[in-house]
Amino acid sequence: MLKRSRFQDMWKSVHVVSPRIWSRDLQKAWSTWACRLCSQTPSNTQPSHHPRTQAEKAKRRRAREKAILSSDVNDVELSWSDKEKTTYNEALLPGEKKDTSLPFPQSYSPEYVEFGWYRWWEKQGFFSPEQHSKQPHSVDKYFSLCIPPPNVTGILHLGHALTVAIEDALARWRRMQGYKVLWVPGCDHAGIATQSVVERKLLREQGKCRQDYSREEFLKQVWRWKNEKGDEIYHQLRKLGASLDWSRACFTMDPGFSSAVTEAFVRLCDSGLIYRSEGLVNWSCALESAISDIEVDSKELSGRTLLSVPGYQQKVEFGIMVTFAYPLEGQEREVAVSTTRPETMLGDVAIAVHPDDPRYKDLHGKHCRHPFTERLLPIVTDSMVDMTFGTGAVKLTPAHDHTDFLLSQRHSLPHLTVIGGDGTMTSVCGQWLEGVKRFDARERVITALMERNLFRGKKDHPMSLPICSRSGDVIEPLLKKQWFVRCQEMGKKAVQAVEEGDLQITPHFYSKMWKSWLSNISDWCISRQLWWGHQIPAYRVTLQNSKDTEEQEQWVWGRSAAEARHRAAVKFGVNPDAITLTQDPDVLDTWFSSGLFPFAMLGWPEQTEDLNQFYPNSILETGSDLIFFWVARMVMLGRELTGQLPFKQVLFHSLVRDKYGRKMSKSLGNVIDPLDVISGISLERLQEKVREGNLDPRESVVAMEAQKKDFPKGIPECGTDALRFALCSYKAQGEDISLSVSQVLSCRHFCNKMWQAVRFTLATLHDASLPTSLAETYPLSSMDRWICSRLYSTVQQCEQGFESFELHTVTSALHSFWLHSLCDVYLESIKPVLKCEGSDSEEQRVRERQVATSVLYHSVSVSLALLSPFMPFLTEEMWQRLVPYGDSDRTSSSLCVQPYPKTSQLEHWYFPKEEADFSLVQEVVRVARLLRAQCQMTKERPDFVSSSVGSVWTRSG
């Protein structure tokens, strides 16, 4: 009695609004639904007055993840037998439509659901823009975009999967809206990465390096590797359900694309935007190639640090400032200078001081003697010198430092290159250092300075160390003759495009970064000293009887050698036969060719039908880390070469990190192949993949240990739909996304919930007359009107979310509708109606059942269409099974080309009052469940709940 009295007192305390305001239908809904739910096991038995702390929540979340990921991937129960699997899947011919008239399996299985549909979609041509004219709901609008072409070297990771999930959702949504959609797949030849992979392969398998082959022989090896391994990415894209037009797939080394690259280079040279010059470039000695500014990472050092450097057995010391002295010529004095790179002192040509520095006032115009080369070094004054840095006197090495190079131009100083492209010291240094690796030379120079009593000490020095993002090597600024693109004017136009609204960047906060970087952009070095890539279509000209030297070299360019020869003959006024042409052996930066992708993929420079129809692209969607690597270059090159912006809008998504917030890295073992999440994988196979890769053995050990910790039993099968839905459920336009596999698995559970709801719906339809059409279905009861109105509101949220590219609001609305409205409430409430219980009149019971059946059918079918852009496989499977019960013959079509639901079609289903009123019912049920938990009531006492609630209802009503 004590517990019952306490329960009733607490129950009365929650009645802040009298149930008298409820309609008769709402009272009926309560009697058939609320008491049923009150007796269900609550999902949360914790009292509301004792909220968990953030630490407790995090602890419980970690425990859930550990439980999920500790379960053996082989323990996943399949929902169909081997015999059924053979019947459904293995007997299906490639491209044949699945027979959905066969029995509906009892539980959801991603492998079963996802089999066969993609090949059928592809065979039917649903992803081709030519399909547009066949759709009765087509509109005279187009939607085009290109996939950021992944490197042909590797496999897609979860970051790529996020890109695919977002872009495919947008493409499928527009296609269902009746747009003419073109989404072009492609792969980038990835010059540095691909050449490195093939070189390592040849060294490992044949013991040969690139130089052991001719250029032609080596390129044959690369093409052979590409043809064997290059289709893996396309296989992944198909498994992810990407609705790409494969007939237009584009590889950046295809003949047509290569022609576009040549055309772009020639046009930019003709306009003066590409030029050849000697300048300091970022040089990777490991690659023996130049790289661009944005391929240089900065490693911040707080002081002395030992780092591994490619090509060195022992770690190399960095973060140290060395001070040594130069003897003053003709005097018993010295000038001390400080540097973090003492090996470059062999290339010193002067010493600079600030004109106002009192310490060196009497030394202006004097000279110091180089202790190893006997070269005289003038002491020059320049206001650029920082008097507070080191000793205030700065050694100038113009061939190896960007600031020193600028000072050398102001003071007409010579340039001495003392470090070669391979990272060894040159002959300029003398025999004692020639051929010595640069960091070994550092130690020799310090020792020699000590021997001459010129060493003045060293100390810790915080610094930013430039690292090659491609090779991990320490960057050497080297003086090289290269091809450069003038970027200042193109950069101004790109900034202007955003400021004037011609180009929209989402999220908007990237606009400030865009302006800052492009307003201070330097010229872009596009030469790469590789063999794999687009060989620069420029030719060095040698005339008969001429004395062509490195300093007086002459160049022409052309779409072919014949055109270049003709240009040279005209330029120099000689007979073409008197000309010898030598093509530049370098190739173009990969980002130069990929910067042409939005229009080259459509056939540019030819005025193709695709180019006329789909250019400019409607949108570019990509990761925020590519804003300068790729996006800015596309905008600059597109506007310059086509006269138009390559796209009207840029949508950036955040980076995907692991559940600890770490960046995905092979060496950390946290790079996850999307196919491993889709199909599941054992820990043993995960570790095999690490061993099969190109990681350093030490890094492999670290990676495998991390895998053991994170996936002790491997990764369970989650399915494509669950992975895509999970990725799109994050706010992609904000902070980085920390994704755990357990979150994807929870989306698989949601898929199973949907599966069971459709099973219930099919069973209901099987036992009832066919539902009326959507336009003719008018809900009777308050519960019917409520679910109809909830569906209307959900469609409205989907419309708004897609238009604003806030996909997480769309997935949230759909998840809430399916789980909390359709499954948890409406399906429970209509069970008595479907059993013809409740009404006194048989005719009324039949009528109520017919309306409820129609409402249920349309609620499920419409919400499946809403979900289709995110879960294409599951929604197709279930929608095809609902089709026979519809009001038209659509058995030959697919959900992916059906009209996307619109609020204008559902205006007769909008009942805002029922939605608002029913929130009170939901609150009452929530409190009832809470009280049931607080009073420790169990299923053995359901009558007590009903009697208690009933007595309260009687007194209140």
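No experiment lies behind these values; they were computed from the predicted model shown.

S.K.: Is there a simple way to explain the sheet that holds strand S12 (residues 350-353) in this structure?
M.R.: Working definition: the strands of a sheet are paired by backbone hydrogen bonds and lie parallel or antiparallel to each other. One open sheet accounts for 4 strands, arranged S13-S14-S12-S15; its pairing is mixed. In this open sheet, the two edge strands, each paired with only one partner strand, are strand S13 (367-369) and strand S15 (393-396). Between one strand and the next, the sheet's axes are offset by a mean angle of 30°, whatever the strand orientation. With 3 bridges connecting them, S12 and strand S14 (residues 376-381) associate as parallel partners. Bridge assignment links Ile 351 to a residue of S14, and that residue is Ile 379.

S.K.: Teacher, can you tell me more about the sheet that holds strand S18 (residues 476-485) here?
M.R.: The sheet built from 4 strands is open, its strands ordered S6-S5-S18-S20 with antiparallel pairing. Of all strands in the sheet, those bounded by a partner on one side alone are strand S6 (289-291) and strand S20 (524-525). Taken together, the 2 bridges between S18 and S20 define a ladder with antiparallel strand orientation. Paired with Phe 484 across the two strands is Cys 525, which belongs to S20. Contacting strand S5 (274-284) and S18, helix H12 (residues 402-411) runs over the sheet at an angle of about 140° to S5.

S.K.: For this particular structure, what's the right way to read unusual backbone geometry?
M.R.: Residues apart from glycine generally show negative phi values, whereas peptide bonds are mostly found in trans. For the bond from Trp 604 to Pro 605, the omega torsion is 15°, close enough to zero to count as cis. Here Pro 605 lies in the loop between helix H18 (597-600) and helix H19 (609-614). Of the consecutive residues Tyr 615 and Pro 616, the connecting peptide bond is found in the cis state with omega at 0°. The topology assignment puts Pro 616 in the loop between H19 and strand S26 (620-623). Within the chain, Glu 374 stands out as a residue other than glycine whose phi angle is a positive 65°. With respect to the helices and strands, Glu 374 occurs in the loop between S13 and S14. Residue classification places Glu 374 among the partly exposed residues on the basis of a relative accessible area of 49%. Positioned with a positive phi, Asn 453 is a non-glycine residue whose angle comes to about 60°. By secondary structure assignment, the location of Asn 453 is in the loop between helix H13 (438-451) and strand S16 (455-460). A relative accessible area of 59% means that Asn 453 is categorised as exposed.

S.K.: I would appreciate a short explanation of helix H29 (residues 872-882) in the present structure.
M.R.: Because the α-helix completes a turn every 3.6 residues, residues three or four places apart line up on one side. When you tally the buried positions in H29, you get 11 out of 11 residues, the bulk of the element. Every buried residue of H29 is listed here: Pro 872, Phe 873, Leu 874, Thr 875, Glu 876, Glu 877, Met 878, Trp 879, Gln 880, Arg 881 and Leu 882.

S.K.: It is not clear to me how the side chain of Arg 633 should be interpreted in this structure. Could you clarify?
M.R.: Mapping Arg 633 onto the fold places it in helix H20 (residues 627-642). Although Arg 633 is buried, it forms no salt bridge, and the closest oppositely charged side chain is Asp 589 at an N-O distance of 4.0 Å. For Arg 633, the side chain forms a polar contact with the main-chain oxygen of Phe 629, separated by 3.4 Å. Setting aside chain neighbours within four positions, we find Arg 633 in contact with Ser 292, Ile 294, Trp 524, Asp 589, Trp 591, Gly 595, Phe 628 and Gly 638.

S.K.: Just checking my understanding: could you explain the pairing of strand S2 (residues 180-184) for this structure?
M.R.: As a general feature of sheets, a regular strand has side chains that alternate between the two faces. Most of S2 sits out of view: 4 of its 5 residues are buried. Direction of pairing for strand S1 (residues 142-146) relative to S2: parallel, over a ladder of 5 bridges. Looking across to S2, one finds that Leu 145 is bridged to Trp 183. Once you follow S1 into helix H7 (residues 158-176) and on to S2, the crossover reads as right-handed.

So, how was this worked out
Residues numbered from 1 in each chain as written. Predicted model: local features only at pLDDT ≥ 70, side-chain atom pairs only at ≥ 80, totals over all residues. Heavy atoms only, no water. Pairing = 2+ DSSP bridges. Helix = DSSP H or I, 4+ residues; strand = E, 2+ residues; numbered from the N terminus. Axes fitted to C-alpha atoms, helices over the stretch in contact; angles between N-to-C directions. Contact = heavy atoms within 4.5 Å. Buried < 20%, exposed > 50% of the residue type's maximum accessible area, 1.4 Å probe, protein only. Lys, Arg positive; Asp, Glu negative; His and termini not counted. Salt bridge = Lys/Arg side-chain N within 4 Å of Asp/Glu carboxyl O. Polar contact = N/O pair within 3.5 Å; in protein donor to acceptor, adjacent residues only side chain to side chain. Right-handed = clockwise from strand over helix to strand, strands pointing away.

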